[in-house]
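# Results of the structural survey
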Amino acid sequence: MKTAISFNEDQVIVKVEGSIYVEDAAVLREELLRLIENKHNKFIINLAQVDFIDSSGLGVLVGIQKRAIERGGGVIIAGATGVVKELFQISRLYKAFEMR
Amino acid sequence: MKKLAVNVSKNGMFNDRCDYCQRFELLNMITDALLLFQANDGKVIFMNQHAMELYGYTLDESDNLSIFSISHASRATILDQKKIAKQYSKGYTYISRHIKKGGTVIKVQVTMKYMLFHGTKIFAAVVRETTADDRFREEIELAGNVQRKLLPQNLENEFVGIRTLYHPHSYVSGDIYDFIFDEEKKELHGTVIDVMGHGLSAASHTNILKYLFHRTIEEGMPLNRGLAWINKEVMSFFHDGNFAAVVLFTLDFTAKTLTYSSAGIHNFIYLSSQGPEVIKCPGLFLGIKNEEFFDLGTIHFQPGDSFFFLTDGFDQLYDQPLSKDLSFTELHTLLKAITTTDKCYDDASGICIVTH
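Each value, and the rule that gives it
Residues numbered from 1 in each chain as written. Chains lettered and ligands numbered in written order. Predicted model: local features only at pLDDT ≥ 70, side-chain atom pairs only at ≥ 80, totals over all residues. Heavy atoms only, no water. Helix = DSSP H or I, 4+ residues; strand = E, 2+ residues; numbered from the N terminus. Buried < 20%, exposed > 50% of the residue type's maximum accessible area, 1.4 Å probe, protein only. Contact = heavy atoms within 4.5 Å. Lys, Arg positive; Asp, Glu negative; His and termini not counted. Charge placed at Lys NZ, Arg CZ, Asp CG, Glu CD. Buried area = accessible area lost by both parts, 1.4 Å probe. Salt bridge = Lys/Arg side-chain N within 4 Å of Asp/Glu carboxyl O. Polar contact = N/O pair within 3.5 Å; in protein donor to acceptor, adjacent residues only side chain to side chain. Nonpolar A, V, L, I, M, F, W, Y, C, P; charged D, E, K, R; others polar. Pairing = 2+ DSSP bridges. Axes fitted to C-alpha atoms, helices over the stretch in contact; angles between N-to-C directions. Parallel < 35°, antiparallel > 145°, perpendicular 65-115°, else oblique. Left-handed = near helix turned anticlockwise from the far one by under 90°. pLDDT = per-residue confidence, 0-100. Phe/Tyr/Trp six-rings, centres within 6.5 Å; stacked < 30°, edge-to-face > 60°. Lys NZ or Arg CZ within 6 Å of the ring centre and 35° of its normal.

## Focus on the overall build of chain B
Helix and strand content of chain B: nine helices and 16 strands. With the principal axes as the frame, chain B shows a C-alpha extent of 95 × 40 × 35 Å. Across the 356 residues in chain B, those meeting the buried criterion constitute 50%. Expressed as a percentage of contacts within chain B between residues at least 6 apart in sequence, the contacts between residues at least 24 apart total 62%. Separation of charge centres in chain B, based on 35 positive and 43 negative side chains, amounts to 13 Å.

## Considering the interface of chain A and chain B
Residue-level contacts link 19 residues of chain A with 22 residues of chain B. Interface area, chain A with chain B, both sides summed: about 1800 Å², of which 57% is carbon and sulfur. Taken as a group, Lys66(A), Ile90(A) and Arg92(A) account for 33% of the area that chain A buries against chain B, more than any other trio of residues on that side. Where chain A packs against chain B, one counts three salt bridges. In this structure, the salt-bridge partner of Glu292(B) is Lys95(A), at a minimum N-O distance of 2.7 Å. At the boundary of chain A and chain B, one finds five residue pairs in polar contact (both at pLDDT 80 or more). Mapped onto the side of chain A that touches chain B, the elements with two or more residues apiece are helix 2 (55-70) and helix 3 (82-90) of chain A. The element that contributes the greatest number of residues to the side of chain A that touches chain B is helix 2 of chain A, accounting for eight residues. When its residues are assigned to classes, the side of chain A that touches chain B shows eight nonpolar, five polar and six charged.

## Topic: the sheet that holds strand 5 (residues 98-99) of chain A
Residue and element names in this part refer to chain A. Strand order in the open sheet formed by five strands is 1-2-3-4-5, and the pairing between neighbours is mixed. Single-partner strands in this sheet number two, and they are strand 1 (2-8) and strand 5. Sheet topology places strand 4 (residues 74-78) next to strand 5; two bridges connect them, and they run parallel. Looking at strand 5, one finds that Ile 76 is bridged to Glu 98. Strand contacts of helix 1 (residues 22-37): strand 1, strand 2 (11-20) and strand 3 (42-53), with the helix running at about 175° to strand 2, the strand carrying the most contacts. Packing of helix 2 onto the sheet brings it into contact with strand 2, strand 3 and strand 4, and relative to strand 3 it is tilted by some 175°.

## What to know about the packing of helix 1 of chain A against helix 2 of chain A
All names here are of chain A. Contact geometry of helix 1 with helix 2 gives a least axis separation of 8 Å together with a crossing angle of 15°. Judged by the inter-axis angle, helix 1 sits roughly parallel to helix 2. Every pair of crossing elements has a handedness; the one defined by helix 1 and helix 2 is right-handed. Where helix 1 approaches helix 2, its residues Val 22, Ala 25, Leu 28, Arg 29, Leu 32, Leu 33 and Ile 36 are matched on the opposing element by Ser 56, Gly 57, Val 60, Ile 64, Arg 67 and Ala 68. Residue composition of the contact of helix 1 with helix 2, grouped by class: nine nonpolar, two polar and two charged.

## Notes on the confidence of the model for chain B
Residue and element names in this part refer to chain B. Mean pLDDT over chain B: 89, with 94% of residues reaching 70 or higher. Throughout residues 1-17 the model reports pLDDT below 50, and contacts reaching past four residues in sequence, or to other chains, amount to 42 contacts. The complex model carries a pTM of 0.74, and its ipTM stands at 0.87.

## So, the packing of aromatic side chains
All names here are of chain B. In the structure shown here, the tally under the stated rule is 19 aromatic pairs over all chains. Summarising the aromatic geometry, the rings of Phe 159 and Phe 181 are spaced 5.9 Å apart at their centres and angled 25° between planes, so their arrangement reads as stacked. Residue Phe 159 is found in the loop between strand 6 (155-156) and strand 7 (160-167), and its partner Phe 181 is found in strand 8 (residues 175-182); the two are separated by 22 residues along the sequence. A single burial state applies to Phe 159 and to Phe 181, both of which are buried. Members of the aromatic cluster, each reached through a chain of ring pairs, are Phe 159, Phe 181, Phe 249, Phe 253, Tyr 260, Phe 268, Tyr 270, Phe 301, Phe 307 and Phe 309. The ring of Phe 68 is capped by Arg 75, whose NZ or CZ atom sits 3.9 Å from the centre of that ring. Sitting over the face of the ring of Tyr 114, Lys 86 holds its NZ or CZ atom 4.9 Å from the ring centroid.

## Regarding the environment of Val60(A)
All names here are of chain A. Relative to the helices and strands, Val 60 is located in helix 2. When the C-alpha positions of Val 60 and Ala 80 are compared, they lie 16 Å apart, and in sequence the two are 20 residues distant. Not counting residues within four places of it along the chain, the set of residues in contact with Val 60 comprises Ala 25, Leu 28, Arg 29 and Leu 32.

## Comments concerning the packing of helix 7 (residues 199-219) of chain B against helix 8 (residues 223-234) of chain B
Residue and element names in this part refer to chain B. At a minimum axis distance of 10 Å, the contact between helix 7 and helix 8 shows a crossing angle of 140°. By the angle between their directions, the pair helix 7 and helix 8 is classed as oblique. Note that helix 7 runs across helix 8; the crossing there is right-handed. Contacts between helix 7 and helix 8 involve Ile 208, Leu 209, Leu 212, Phe 213, Arg 215 and Thr 216 from the former and Gly 226, Trp 229, Ile 230, Glu 233 and Val 234 from the latter.

This is the structure we're talking about:
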């Protein structure tokens, strides 16, 4: 898994590439938590280049979403395709995130 | 470093190296116990703060110690350990037993290295007590055994045969199953539970969910309403991104129907005379959204049909599509084999049910 972080005004854009398994999820979690600690609360997580995400990865996104909402922001999931998109649909996580 | 100063004056080893000896302050910053003892007679010339705490000696008391009074091993064994340590330039690690001041024997891991120190041949030993780690591991193993014993075992009666799967990734599992056969109503109620994460915290959550599953049966709730009720009940337990996947199902052997409702267990396998079919069952995980509704699905089955409810620990570990010729026993055997391979890096549990 690789991540690239950029900023667009008050939004943090996190572009993720590869597969997100349990170890990757822990890395992603810390990266996103650091951003929250630095007062960011609006995230766009771009999953266009992600080919697999397990429940740990979903857990990270859900956790960050909860924290972001508590701070007046939120997480937008963008670009999900294939298996990842299907996972968000079948698990109905689209109800928990804004999907683009 | 008073202790060192005392030894310096006693041994005359470092008389002209006071500035250099400030380095011993660094040794007190190490979080493991560290001993320096002379190679020729085993006399301890330095104990860092952690070593004094581990063994229970004061600085003055430590003046008269030697490796032979600290180690529980025989003199011959200690000499062997020293001999071997001399051969390992990066240090020799072994498990031993050491003696605290009061006589208590503790199990320790020692990494010992032979070196020259101000021209004196010494051994440096980093000592780590393993007793606490061992006790902690034993406790977790015990918790795993308790969890395993609380799971229902295989069942065989005139209506149904059940084979179970249980594979904790590490001692205790965040994935469990449970089922109850109601002989009076000729119904089988079951659940498969997968709490995100591994270990004791996930296992604790499974117990709550298992209890709530029993409550839904006692209350006679429709499965989807039961799931919605469980979701509300567990909202306060899940935070910081934790959630659980749960499927509830009932097989009615009078009506020959399977009814199911799922929250995050995305599918199950239905094996009939037509071959295997993956039945998708959408539903949001538990613990994410307070007011959530869940679908209710029904399948009419024929005797001989079978169902496999599995956690996602099995995902991607068997070839899909499944062979049309697979029997119940063959598929169960295949899944059981997955749990014993090193490919299974997650908790994995499930219930395999064949109807009669």
